[in-house]
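# A look at the structure
Take a look at the letters that make up each chain.
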Amino acid sequence: MAFSDREFDMHRLESFLTGWYYYDTAIILMDHAVSVYTDLRNGIANFSLVAMRERDLLSLTSVKGYDPQLTLDDYEAHLARLAYLSRRALEFVHNDFPEEDSYYAFVTIMMPVV
């Protein structure tokens, strides 16, 4: 919105801004889900790892050398949550700004690529 060529009535943007809250959350969740092992190598137990292996992590004083051996089943809940957040983002954004060019659907599809 910072680069918009017109002014917007902020009262009409409530759903739009809520939609971007969902997008922000989905992007963060996706980043954490795909960065579990990279973050572990850097000594970080990120949000996704904590969600998947909380019991293991509670007994550790350091994640150095920890190898959680994650499977596709471990990621299933994260992917379902990501789908839910993306769907909600699209619903809210479209409440205030119905669009013809499917820009936000494109943004949703491209999130994993970027």
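For the structure, see preceding data.
Described in the following lines is the structure provided in the data block.

On to the packing of helix 1 (residues 14-34) against helix 5 (residues 103-110). Relative orientation and spacing of two packed helices are given, respectively, by the angle between their axes and the distance between those axes. Contact pair helix 1 / helix 5: the axes reach a minimum separation of 12 Å and the direction vectors enclose 15 degrees. Taken together, the axis directions place helix 1 and helix 5 in an arrangement best described as roughly parallel. Two packed elements cross with a definite hand, and for helix 1 against helix 5 that hand is right-handed. Of the residues in helix 5, those touching helix 1 at Phe16, Trp20 and Tyr23 are Tyr104, Val107 and Thr108. Among the residues making up the contact of helix 1 with helix 5, the classes are represented as five nonpolar, one polar and no charged.

This part is about the packing of helix 4 (residues 72-96) against helix 5. Relative to each other, helix 4 and helix 5 sit at 165 degrees, their axes nearing to 10 Å. Judged on the interaxial angle alone, helix 5 and helix 4 are roughly antiparallel. Note that helix 4 runs across helix 5; the crossing there is right-handed. Contacts from Ser86, Leu90, Val93 and His94 of helix 4 reach helix 5 at Tyr104, Ala105 and Thr108. Counted by class, the contact of helix 4 with helix 5 contains four nonpolar, three polar and no charged residues.

What follows covers unusual backbone geometry. One non-glycine residue, Gln69, lies in the positive phi region at around 50 degrees. Relative to the assigned elements, Gln69 resides in the loop between helix 3 (47-58) and helix 4. Taking relative accessible area as the criterion, Gln69 reaches 55% and is therefore assigned exposed.

Thresholds applied
- Residues numbered from 1 in each chain as written.
- Predicted model: local features only at pLDDT ≥ 70, side-chain atom pairs only at ≥ 80, totals over all residues.
- Heavy atoms only, no water.
- Axes fitted to C-alpha atoms, helices over the stretch in contact; angles between N-to-C directions.
- Helix = DSSP H or I, 4+ residues; strand = E, 2+ residues; numbered from the N terminus.
- Parallel < 35°, antiparallel > 145°, perpendicular 65-115°, else oblique.
- Left-handed = near helix turned anticlockwise from the far one by under 90°.
- Contact = heavy atoms within 4.5 Å.
- Nonpolar A, V, L, I, M, F, W, Y, C, P; charged D, E, K, R; others polar.
- Buried < 20%, exposed > 50% of the residue type's maximum accessible area, 1.4 Å probe, protein only.

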